[in-house]
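This is what each chain is made of:
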Amino acid sequence: MLRYVAARLLTAAFMVLLATLAVFLIANSVPGDPVLSQLGDLAASNPATVAEYRQKWGLDLPIWDRYWIFLRGLLQGDLGSSIVSRRPVLADIRDYAPATIELASVAFLLSLLVGLPLGILAAVRRDSWIDNLARLVSLVGVSAPTFWLAFIMLAVFYGWLDWAPGPGQLDPVSFPPDRVTGLLLVDSLLAGDWETFQDAAAHLVLPSIVLASATLGLITRTTRAAMLEALSQDYVRVARAKGLRRRAIVLGHAAPNAMLPVVTLGGLAYANLLSGAVLTETVFSWPGLGRYTYQSAVALDFPAIMGITMIVAVVFVAVNILVDLSYALLDPRVVKG
Amino acid sequence: MSATALPAVATPGQRWRRRYGLAAFGGGVILAWVLAALAAPWIAPYPPDFVDVAARLRPPSAAHWLGTDTLGRDVLSRVVHGARVSLSVGFVVVLLGALFGTLVGAVAAYAGRWAEEAMMRLTDLVFCFPPIILAMAIAAALGIGTANTCIAMLVVWWPKFARLARSLVLAQRNLEYVEAARSIGFPPSHILLRQILPNALGPLIVLVTLDLGNAILVFAGLSFLGLGTIPPTAEWGAMVGEGRQLVQQWWVATFPGLAILTVVMGFNFVGDGLRDWLDPHARTR
């Protein structure tokens, strides 16, 4: 087990190093010019201004020197400074991350709470109306464009029915609670501010449903397939022959064995939620990493883009390792194989 | 699980419909969109860029079946023309990505040793990055435009095909017919392309079909963010983007979105059906 873990960690570290190089090369070998996009045409026509700007942001150094600086900074937790906000990228990310983590976590919870039971029921009552419903929900969820779904939800539940609050994390008139974790739900509870908590929760409903839609489909389908597989195994037949109740067979025998593929997918789905937030956050004016990424990409803010891509790549690799390890725990055969 | 009622015996026709009905329906939807895209200049009631400011933001009516947008352009005409962009981008990205990825994966599996190691680590590397974010960064850096966005998508698109092709070739590599081909003296390129690949094609085709919908979704997303087509090109994602503030004039954003939804669902239905057809075992399980 220890050897397995060590090998996985070593590979992961190597992948992260390669990823830094890839991110750096992409950001540097492309024709887009951050100077032009930042200074505007007028300022960019003045050579002195341009030279000063290039020197200030280290754009005039040879490429390998810049990679070395980038790498050395990374080791010290320094991702450079954003060209747009003029603040350290890491500070920006720390400010924007909680909103995304909160949204993605609620969405993930939602898709598990609906997707697992739906998938299990669909497998148990195969070809019934609930199986068809599950298929429809997952197909629409996977096929609907997130940004469009977000628009429809806002138009119907905010614009037309007025059941849900509009875009944003809080009502414009309410004050955010003192920042402790950055997660509004947690912070407002810590501050004992029940009204803000309700407000924040209400604002989470629509975006988390939208963000959950695609993941929900994946989880439902995977659960159903894995449950069908488990239900056809001999131990299920034995359990039935023993006269165990159906609930005990499904939940006690089949479901735990069907969780392996669901765990794999769940881990990846959570990591995907973090990045899938780009479109949802843009529509819902959600002050999270997704919107920050989008704004940086449009402004050609390379330090910020590199920083985010780096962080997300690290999260991806980390989630992959966690999935692998939980796999090894759930199924000891993995380590031997 | 319980067999309280015996299921009525299905006729072959019913069984076929139950098994492939959705796939056939999806195929029909795709066919309709392809035809609409091909015939767009003739079936669209107005030119897609025809601006009529006097008739801006009109709700659906007899003159404009799907209403008009902020510039008075006919939404129906733009949706029909948008099919050209979305479908061709989908096909180009997925086919080129599949071609390149399959080659990389197949060559890696067949070559083995360090070549395989290097190629698969490169694949893993691209997999580290979430596709949308990497594509966004590349698209923004290359500059906005349909071709550049396709390039950005291709960079992140091929690895899944490389992985699948590698596993498929690995499974075939030591089978008897390959050994026979080798002993006859066929060169490796012939064995790989003419013997192994045709036998491994099924799962690749399923992935291509399912992926077409996915590619259309991602491209529409990038366009929605303003990183895809250049205005005033009629493109579904960009149209939803233009209409997203117009909650009262819901038709501006709703119909292009429905177009995306139907095309993507069509490809998913067909892909699902193909998978069942190629692997009947998966269905009866």
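An unreviewed UniProt entry annotates chain B as D-ala-D-ala transporter subunit of Paracraurococcus ruber. Database annotation for chain B, UniProt heading Subcellular location (unreviewed entry): "Cell membrane".

Going by the annotation in an unreviewed UniProt entry, the name recorded for chain A is Peptide ABC transporter permease, with Paracraurococcus ruber given as the source organism. Chain A has a UniProt comment under Subcellular location (unreviewed entry) that states "Cell membrane".

Caption draft 1: Summary view of the overall build of chain B. A count of helical and extended segments in chain B gives 13 helices and zero strands. Secondary structure elements of chain B, listed N to C terminal, follow the sequence α-α-α-α-α-α-α-α-α-α-α-α-α. Considering only C-alpha atoms, chain B reaches an extent of 75 × 60 × 35 Å along its principal axes. Counting over 285 residues, chain B shows a buried share of 51%.

Caption draft 2: Representation of a positive patch on the surface. A cluster of basic side chains, namely Arg125, Arg237, Arg240 and Arg246 of chain A, defines a positive patch on the protein surface. Following the sequence through the fold, Arg125 of chain A ends up in the loop between α5 (89-124) and α6 (129-143).

Caption draft 3: View of the interface of chain B and chain A. Taken together, the contacts link 47 residues of chain B with 46 residues of chain A. Note on chain B versus chain A: buried area summed over both sides is about 4,200 Å², and carbon and sulfur give 77% of it. Scanning the region where chain B abuts chain A turns up one salt bridge. The closest approach of N and O atoms between Arg221 of chain A and Asp272 of chain B, which form a salt bridge, is 2.7 Å. Counting every contact that joins chain B to chain A gives five residue pairs in polar contact (both at pLDDT 80 or more). Those elements that place two or more of their residues in the side of chain B that touches chain A are α4 (113-127), α5 (131-142), α10 (201-224), α11 (236-243), α12 (251-278) and α13 (280-284) of chain B.

Caption draft 4: A look at the pattern of salt bridges. Residues and elements named next belong to chain B. Summed over all chains, the structure comprises 12 salt bridges over all chains. Asp272 serves as the salt-bridge partner of Arg275, at 2.8 Å between the closest nitrogen and oxygen. Pair noted here: Arg275 and Asp272 are both in helix α12, with a separation of three residues, about one helical turn. Of the residues examined, Asp272 reaches a relative accessible area of 19% and is grouped as buried. Here the salt bridges share partners, and the residues they tie into one network are Asp49, Asp69, Arg73, Arg78 and Glu242.

Caption draft 5: View of the environment of Trp277 of chain B. Position of Trp277 of chain B among the secondary structure elements: in helix α12. Each C-alpha atom, one on Trp277 of chain B and one on Gly202 of chain B, is 9.8 Å from the other, the two residues being 75 residues apart in sequence.

Caption draft 6: Summary view of the side chain of Ser188 of chain A. All names here are of chain A. Mapped onto the secondary structure, Ser188 falls in helix α8 (residues 184-190). Residue class for Ser188 comes out buried when judged on its relative accessible area of 0%. Engagement of the side chain of Ser188 in a polar contact is seen with the backbone oxygen of Leu184, the distance being 2.8 Å. Once residues lying within four places of it in the same chain are set aside, the contact partners of Ser188 are Pro177, Asp193, Thr196 and Phe197.

Caption draft 7: The packing of aromatic side chains, seen in detail. A full pass over the atoms with the stated rule returns 11 aromatic pairs over all chains. With 4.5 Å between their ring centres and 20° between their planes, Phe147 of chain A and Phe224 of chain B make a pair best called stacked. Of this pair, Phe147 of chain A sits in helix α7 (residues 146-160) while Phe224 of chain B sits in helix α10, placing the two residues on different chains. By relative accessible area, Phe147 of chain A is classed as buried at 2%. Taking the relative accessible area as the measure of exposure, Phe224 of chain B reaches 8% and is therefore buried. Judged by centre distance (6.0 Å) and plane angle (40°), the ring pair of Phe157 of chain A and Trp163 of chain A falls under tilted. The partly exposed category is assigned to Phe157 of chain A, whose relative accessible area is 25%. Aromatic ring contacts, followed pair by pair, group Trp250, Trp251 and Phe255 of chain B into a single cluster.

Caption draft 8: Geometry of the UniProt feature "transmembrane region" (unreviewed entry) in chain A. Residue and element names in this part refer to chain A. Residues given the UniProt feature "transmembrane region" (unreviewed entry) here are residues 103-124, 136-161, 200-219, 248-271 and 304-330. From the first C-alpha to the last, residues 200-219 spans 27 Å; its make-up is 100% helix and 0% strand. Structurally, residues 304-330 is divided into 100% helix and 0% strand, and its ends, taken at the C-alpha atoms, are 38 Å apart.

Caption draft 9: Unusual backbone geometry, seen in detail. With an omega dihedral of 5°, the bond running from Pro231 of chain B to Pro232 of chain B counts as a cis peptide bond. Assignment of secondary structure puts Pro232 of chain B in the loop between α10 and α11. Positive phi, close to 60°, is recorded for Asp162 of chain A, a residue that is not glycine. In this fold, Asp162 of chain A is placed in the loop between α7 and α8. With relative accessibility at 56%, the residue Asp162 of chain A sits in the exposed group. The backbone of Leu57 of chain B sits at a positive phi, close to 55°, despite the residue not being glycine. When you line up the elements, Leu57 of chain B lands in the loop between α2 (40-43) and α3 (75-111). We classify Leu57 of chain B as buried; its relative accessible area is 19%.

Caption draft 10: Quick peek at the packing of helix α6 (residues 146-157) of chain B against helix α7 (residues 159-173) of chain B. All names here are of chain B. Where α6 meets α7, the axes come as close as 6 Å, and the angle between the chain directions of the two elements is 30°. Where α6 approaches α7, its residues Val155, Val156 and Trp157 are matched on the opposing element by Pro159, Lys160 and Phe161. A class-by-class count of the residues in the contact of α6 with α7 yields five nonpolar, no polar and one charged.

Cut-offs applied
Residues numbered from 1 in each chain as written. Chains lettered and ligands numbered in written order. Predicted model: local features only at pLDDT ≥ 70, side-chain atom pairs only at ≥ 80, totals over all residues. Heavy atoms only, no water. UniProt positions renumbered as here; feature names shortened; annotations may be inferred. Helix = DSSP H or I, 4+ residues; strand = E, 2+ residues; numbered from the N terminus. Buried < 20%, exposed > 50% of the residue type's maximum accessible area, 1.4 Å probe, protein only. Patch = residues over 30% accessible without salt bridge, like charges linked within 9 Å, V, L, I, M, F, W, Y side chains within 5 Å. Areas by Shrake-Rupley, 256 points an atom, 1.4 Å probe, with all protein chains shown as cover. Salt bridge = Lys/Arg side-chain N within 4 Å of Asp/Glu carboxyl O. Lys, Arg positive; Asp, Glu negative; His and termini not counted. Charge placed at Lys NZ, Arg CZ, Asp CG, Glu CD. Contact = heavy atoms within 4.5 Å. Buried area = accessible area lost by both parts, 1.4 Å probe. Polar contact = N/O pair within 3.5 Å; in protein donor to acceptor, adjacent residues only side chain to side chain. Phe/Tyr/Trp six-rings, centres within 6.5 Å; stacked < 30°, edge-to-face > 60°. Axes fitted to C-alpha atoms, helices over the stretch in contact; angles between N-to-C directions. Nonpolar A, V, L, I, M, F, W, Y, C, P; charged D, E, K, R; others polar.

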